Amino acid sequence: MVATVTGGTGYLGKRLVQELIKKQVVRVFSNESWTGSELPNLRCILGDVRDYERVLEACANADCVFHLAAQLPTSKLSNTTVWSINVDGTRNVLEASMKNNVRRVVYISSSSIYGIPSEVPCSEHSPKNPIGTYGRSKLMAERVCMEYVDKGLDVVVLRPMTIVGPGMKGVFRILFDWVKDDKTVYLIGNGSNRVQMVSVFDLVKACCLAAEEPAVAGQAMNVGSDNVPTVRELIQSLVKHAGSRSRIMSINPWFATIALRFFHLAGLSPLVAEHYYLANKDFILDTTRIKSLLNWKPLFSNVDMLNQAYDWFAQNTGAAYQYQGILSLVKLLS
């Protein structure tokens, strides 16, 4: 059997490939070359999900396609680019999968489709009001998936919370820099809100289970951790784990949102609307469905996965991971 993984050189993709390769041939489709150790039964195809002919080639003779390729939210890219990759690219993958008679497509969506949650925990049927272009593009891509389900293609949708684990990139590394250097950690709000995450290892397991269970055809399922602590409790635990002297300081949510929006629009910060509008909100997904249908359960808590990610960062990252916008905001507060 052959499994195709779009975006297979990304953070989640690499770990999924390393798991799948234990049992089958894996074809990685990505706009980046595979780096790291060579794996037996690994085939790589360079290409862009917006190039239908290359996608068609990547899906040829595949038993299952894991569609991970996506453009994550960033202030550096246009909305048009994000939309074309996340929506048009998804349509290409689904069309190519149908043409190649792929048994199942597992699509990795996002919790960002819910926007600011109107109810906590969010079930799969909760209102969906995405905040920014990224969330809107992922919601539209889900709708495209359902169009192809109606056409007879077997598609399963997973909606994970923020993916955390060793080697991760992104805005968490700003936090890790502060903790590593004993600097003040700034929280938007008082940190009494609870924000769920998901371990990369738990999500890989969910992907593998979703590929095989017949009962989940056409289903969308939330994926997240259990027993979510408050944000302040989580940061306090990390500071203690790291042996850091960092202290935690709260920022007025109104002021922080205005300032971060300005820096975002000016291209001075990596944070986008999905980050700063949700920073002081409770955000927990109801994972009852995936536990029931796939017999899946998370093995890692928010504390576990954040500590793992920090340990990797502390051991492997030398240079500071800083942004002018974040530093400017800190100066205003100092």
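Within every chain, residues take consecutive numbers counted from 1 along the sequence as written. Where totals are concerned, whole chains, interfaces and linings use all residues; where local detail is concerned, this predicted model gives features only for residues with pLDDT of at least 70, and gives and counts side-chain atom pairs only at 80 or more. Neither water nor hydrogens contribute to the side-chain values; these are computed over all heavy atoms in the structure.

K.L.:
Got a minute to help me understand the layout of surface pockets in this structure?
P.N.:
Of the two site types, the cavity is a set of points on a 1 Å grid over the protein atoms alone where a 1.4 Å probe fits but cannot get out, and the pocket is an open set with protein on both sides within 12 Å along at least five of seven lines, each lined by residues with an atom within 4 Å of a point. Grid points are joined across faces, edges and corners, and a volume is the space filled by probe spheres set on the points. Reported here for the second largest pocket is a volume of approximately 320 Å³. In terms of lining, the second largest pocket is formed by 16 residues, of which the most central are Leu20, Lys23, Gln24, Cys208 and Glu212. In this count, Pro and Cys sit with the nonpolar residues alongside Ala, Val, Leu, Ile, Met, Phe, Trp and Tyr, while Asp, Glu, Lys and Arg are called charged and the others, Gly among them, polar. Of the residues assigned to the lining of the second largest pocket, the class counts are 9 nonpolar, 1 polar and 6 charged.

K.L.:
Honestly, the environment of valine 102 in this entry has me stumped. Any pointers?
P.N.:
Secondary structure follows DSSP: runs of H or I at least 4 residues long count as helices, runs of E at least 2 residues long count as strands, and numbering of each begins at the N terminus. Along the polypeptide, valine 102 turns up in the loop between α3 (79-99) and β5 (104-108). If sequence neighbours within four positions are ignored, valine 102 has contacts with Cys59, Ala62, Asp63, Cys64, Val65, Ser97 and Leu153. Any two residues having at least one pair of non-hydrogen atoms within 4.5 Å are treated as being in contact.

K.L.:
Would you mind going over helix α7 (residues 231-242) with me for this structure?
P.N.:
Because each turn of an α-helix spans 3.6 residues, side chains separated by three or four positions end up pointing in the same direction. Helix span, as expected, comes to 1.5 Å for every residue beyond the first. Relative to the 16 Å expected for 12 residues at 1.5 Å per residue, α7 spans 17 Å between its end C-alpha atoms, a close match to the ideal helical length. Whether a residue is buried, partly exposed or exposed follows from its accessible area with a 1.4 Å probe, protein chains only, as a fraction of its type maximum: under 20%, in between, or over 50%, in that order. Every buried residue belonging to α7 is among Val231, Leu234, Ile235, Leu238 and Val239, and all of these are buried. Viewed end-on, α7 has its buried residues packed into an arc of 135°, placing them on one side of the element. Residues of α7 that are buried sit in contact with α5 (172-180), β8 (185-188), β9 (197-199), β11 (248-251) and α11 (302-316). Once α7 ends, the next one or two residues include glycine 243, with phi positive near 65°. It is the directions from the helix axis to the C-beta atoms that the arc portrays.

K.L.:
It is not clear to me how the pattern of salt bridges should be interpreted in this structure. Could you clarify?
P.N.:
Close approach of charged atoms lets side chains of opposite charge pair. Salt bridge, as used here, is a side-chain nitrogen of Lys or Arg placed within 4 Å of a carboxyl oxygen of Asp or Glu. Under the defined criterion, the tally for this structure stands at 11 salt bridges. Of the charged contacts in the structure, one is a salt bridge between lysine 22 and glutamate 19, with a shortest N-O distance of 3.0 Å. In this structure lysine 22 comes out as exposed when scored by relative accessible area, which is 62%. According to the relative accessible area criterion, glutamate 19 is partly exposed, its value standing at 32%. Each member of the salt-bridge network shares a partner with another, and the members are Asp63, Arg103 and Glu212.

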